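Read off the chains here:
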Amino acid sequence: MNLMLTLGESKVNIKYLKSVLTIILTVSYFAIPYKGISNANIPFQLVNGLMIVDAELNGHQGSFIFDTGASDLLVDNSIGLPINSQVEFATISGLTNSGLVSIGNLKVGSILEISNYKAFTIDLQNLKDYTSLNILGIIGGQMFNGIVKVDFMKKEISIVTEQSIIHYNLQSSPIVIKEGVPIIALRIEGKSCNFILDSGASAHIIDNTSIADFDNNQILQSNKKLITAEGISEQIKVVCANMTFLGKDSNERFIIQDLKIIAEELNMAIGGILSLTSLKLDHLYMDFTNKRIYYQ
């Protein structure tokens, strides 16, 4: 769901989510050889709320978005990889066409290296314009083997061991993994909702059905534009709401969107998308295997 919102002079990116049907039909039967190194780390840049890492794809150096809200690998179609077949992606704008391609090698510092991997290709020009970087692709968080630590203070991503979790005596919370996407229960205005944990979103999003009981004074009309890979939509609305997340209360601003297609693809009620880069966290550990997050 790669989406960008312009709010005043700032821009907000929200991204894409791959359809479950695509995963089942085109990915599940492919072997995934990869190499991950524990306790290694790579730096990331925070560009307009997006986590950007440097990587090498088939010998091409460029920037990739680290995206926990995506389950697999997307690459820019400018690389010119041969398309094996056509597939579809589910986005909050609807379905969009993509191509299934094979990559020879992807290396992200010393923490991820994969070869002979199936990926999906799409036009990422909007993201290149948005970040002013040569964006070659988007890397799903679950592609990293082990416990993924995001250090927002040092701006580093690393793979750590369970011993590290025990050593630091971290607090934890259970998550649900649906098609590689982490989902957590939180409270919005006192009501429990399922939110996608998304490092590829630079603003929080709330489903339009989740605000049915809100006071109209909480909803604000915006004349800014929401930019997606598929086009531009107008008349964006935002809402301010109280959120309880990881035991802490805060008042947050959410973009209002229809997330029905996302809920259908995940076969789960989805109340919204939580932008990890918009939260005031020092560190966040995501354990996709044991389905927990650890934080401090």
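Up top is the structure these notes are about.
Note that this is a predicted model, so its numbers are computed, not measured.

*Asks:* What should I look at first to understand the overall build of the protein in this one?
*Replies:* Scanning the protein for helices and strands turns up 4 helices and 27 strands. When each of the 296 residues of the protein is scored for burial, the buried share is 55%. Restricting to contacts in the protein with at least 6 residues of sequence separation, those with at least 24 account for 67%. Just so you have it, the protein exposes about 12900 Å², and 47% of that area is on carbon and sulfur atoms.

*Asks:* I tried to follow the pattern of salt bridges on my own but got confused; where do I start?
*Replies:* In this structure the tally under the stated criterion is 1 salt bridge. A salt bridge links Lys-128 to Asp-76; the shortest N-O distance between them is 2.6 Å. Here Lys-128, found in helix α2 (residues 125-131), pairs with Asp-76, found in strand β8 (residues 73-76); they are 52 residues apart in sequence, far enough to count as distant. For Lys-128, a relative accessible area of 14% translates into the label buried. Classification of Asp-76 as buried rests on a relative accessible area of 2%.

*Asks:* Explanation requested: unusual backbone geometry in the structure shown.
*Replies:* For residues that are not glycine, phi is negative in most cases, and the peptide bond is trans in most cases. Backbone geometry at Asn-116 places phi at a positive 50 degrees, although glycine is not the residue there. Residue class for Asn-116 comes out exposed when judged on its relative accessible area of 58%.

*Asks:* What exactly am I supposed to notice about the nonpolar core here?
*Replies:* As a rule of thumb, soluble globular proteins bury nonpolar side chains together. Judged by nonpolar contacts, the single largest core of 58 residues is most densely connected at Leu-73, Leu-106 and Ile-188. Among all residues touching Leu-106, those that are not within four sequence positions of it are Ala-55, Glu-56, Leu-57, Phe-64, Leu-73, Leu-112, Glu-113, Ile-114 and Ile-139.

*Asks:* Explain the sheet that holds strand β15 (residues 171-174) to me, please; I cannot follow it from the model alone.
*Replies:* Strands in a sheet are paired, the pairing made by backbone hydrogen bonds, and the direction either parallel or antiparallel. The 6 strands lie next to each other as β4-β14-β13-β26-β27-β15, forming an open sheet whose pairing is antiparallel. What marks the edges here is a single partner per strand, and that holds for β4 (41-43) and β15. Mean inter-strand twist for the sheet, computed between neighbouring axes without regard to direction, equals 20 degrees. When strand β26 (residues 283-287) meets strand β27 (residues 292-295), the two strands line up antiparallel, connected through 4 bridges. The partner of Leu-284 across the bridge, within β27, is Tyr-295.

*Asks:* I would appreciate a short explanation of the environment of Ala-201 in the present structure.
*Replies:* Within the fold, Ala-201 resides in the loop between β18 (191-198) and β19 (204-207). For Ala-201, a relative accessible area of 0% puts it in the buried group. A sequence separation of 72 residues divides Ala-201 from Ile-273, and the C-alpha atoms of the two residues are 7.9 Å apart.

*Asks:* Quick question: what am I supposed to make of the pairing of strand β13 (residues 147-151) here?
*Replies:* Working note: regular strand, side chains alternate between the two faces of the sheet. Of all 5 residues in β13, 5 are buried, a share of seventy percent or more. With burial as the criterion, each face of β13 is covered, one bearing Ile-147, Lys-149 and Asp-151 and the other bearing Val-148 and Val-150. In this sheet, strand β14 (residues 156-160) lies alongside β13 in antiparallel orientation, the contact comprising 5 bridges. Within β14, the position partnered with Val-150 by the bridge is Ile-157. If you look at the hairpin formed by β13 and β14, you'll find 4 residues sitting between the two strands, and Lys-155 has a positive phi there, around 55 degrees.

*Asks:* What am I meant to see in the pairing of β19 here?
*Replies:* Taking every second residue as pointing to the same face, both faces of β19 are buried, with His-204 and Ile-206 on one and Ile-205 and Asp-207 on the other. When β19 meets strand β24 (residues 248-257), the two strands line up parallel, connected through 4 bridges. Residue pairing in the sheet places His-204 in a bridge with Phe-254 of β24. Pairing between β19 and strand β25 (residues 272-275): 2 bridges, direction antiparallel. Opposite Ile-206, over in β25, you have Gly-272 as the bridge partner.

Procedures and definitions
- Residues numbered from 1 in each chain as written.
- Predicted model: local features only at pLDDT ≥ 70, side-chain atom pairs only at ≥ 80, totals over all residues.
- Heavy atoms only, no water.
- Helix = DSSP H or I, 4+ residues; strand = E, 2+ residues; numbered from the N terminus.
- Buried < 20%, exposed > 50% of the residue type's maximum accessible area, 1.4 Å probe, protein only.
- Contact = heavy atoms within 4.5 Å.
- Areas by Shrake-Rupley, 256 points an atom, 1.4 Å probe, with all protein chains shown as cover.
- Salt bridge = Lys/Arg side-chain N within 4 Å of Asp/Glu carboxyl O.
- Core = buried A, V, L, I, M, F, W, Y, C linked by side-chain atoms within 4.5 Å.
- Pairing = 2+ DSSP bridges.
- Axes fitted to C-alpha atoms, helices over the stretch in contact; angles between N-to-C directions.

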